[in-house]
Amino acid sequence: RVTRKIITRIAVSIAAVLVLSSCRVDSDITLAVKPNGTGTISVVITADKAIVAKAPGLKADIRTDDLVAAGWKVQGPTDTKDGGLTISLTHDFMGPAEATALLGQINGTRGPLHEMVMTRTGKDTNSTYTLAGRLEVNGGLSAFADDATLNLLGAAPYAADVQAAGLDLGDAVGITFNAVLPGEVNNTTGQTTEGVITWRVPMDGTPTNLATSVTNVDIASSISRFAKVLVLGLLYLWIIASVILILMVLRARNRRRPTPRI
């Protein structure tokens, strides 16, 4: 929920200037998972220079105390090289359940991430990760406004102005969801490039299924475990062989020992 406040604030500022000029904001949400199931969720939001020019107070208006209190690490807002503004939010997680909860935190009740769930099954050396859910923006700007704002205004901020101007929300807002999952991809609905699975969120209400499965086999750990068993087995064989050799030597000595004369 707290992360949604940042997205909502920027989205409202964008809506305010959409009717005046061509502006754009892009959000990149990344789920990065390590082989042991831990990982990091990051959100990077970038507003272009047109937004900064039309809303010069945007940088000062962004408050991040609530995010920090909720455990998020915040970098920015900072100026970009081309005159825009960017802010980065990151949060570590200790397992799939916590990752699922954090994705829900980002989304709130109206966001583009619906029914997001990450699970892990199998053993440490052979595990399968699945990502389920869908990407969908419903209600145009209403998807970026919280319940309190909608109840107060009766509609999303500036929605009437945007509609009257005939503006396309997709031209002003872009959201990308990325998943970095360990192992080989079994199946996915996204585009895979150099180990990163990517989806673009449609702004026209079209749902996109996230169904993805990957399998991670820790070959190094498997080899290590096999090597330990092999070494232990060889140690047992060496001990047994040593005992047999000692017994054979003792028996040979007994045979060579001369019979005492009477």
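The structure displayed is predicted, hence computed values, not measured ones.

Q: Can you tell me about the packing of aromatic side chains, naming the residues and giving the values?
A: By convention here, two paired aromatic rings are described through the distance between centres and the angle between planes. Counting across every chain of the model gives one aromatic pair. Judged by centre distance (5.9 Å) and plane angle (45°), the ring pair of Phe177 and Trp199 falls under tilted. Of this pair, Phe177 sits in strand 7 (residues 173–180) while Trp199 sits in strand 10 (residues 196–200), placing them 22 residues apart in sequence.

Q: I'd like a rundown of the pattern of salt bridges, residues and numbers included.
A: All chains considered together, the criterion is met by two salt bridges. Between Arg134 and Glu115 there is a salt bridge; the shortest N-O distance is 3.5 Å. Note that Arg134 is positioned in strand 6 (residues 126–135) and Glu115 in strand 5 (residues 113–123), a separation of 19 residues in sequence. Between Arg134 and Glu136 there is a salt bridge, and its shortest N-O distance comes to 2.7 Å. For Glu136, a relative accessible area of 11% translates into the label buried. One network of salt bridges, in which partners are shared, links Glu115, Arg134 and Glu136.

Q: Which residues make up the pairing of strand 2 (residues 39–47), and what values go with them?
A: Across nine bridges, strand 1 (residues 25–33) lies against strand 2 in antiparallel orientation. Across the sheet, residue Ser27 finds its bridge partner in strand 2, namely Ile45. As defined by bridge partners, strand 2 adjoins strand 4 (residues 85–93) across nine bridges and the pair is classed as antiparallel. What sits directly across from Val44, in strand 4, is Ser88.

Rules and cut-offs
Residues numbered from 1 in each chain as written. Predicted model: local features only at pLDDT ≥ 70, side-chain atom pairs only at ≥ 80, totals over all residues. Heavy atoms only, no water. Phe/Tyr/Trp six-rings, centres within 6.5 Å; stacked < 30°, edge-to-face > 60°. Helix = DSSP H or I, 4+ residues; strand = E, 2+ residues; numbered from the N terminus. Salt bridge = Lys/Arg side-chain N within 4 Å of Asp/Glu carboxyl O. Buried < 20%, exposed > 50% of the residue type's maximum accessible area, 1.4 Å probe, protein only. Pairing = 2+ DSSP bridges.

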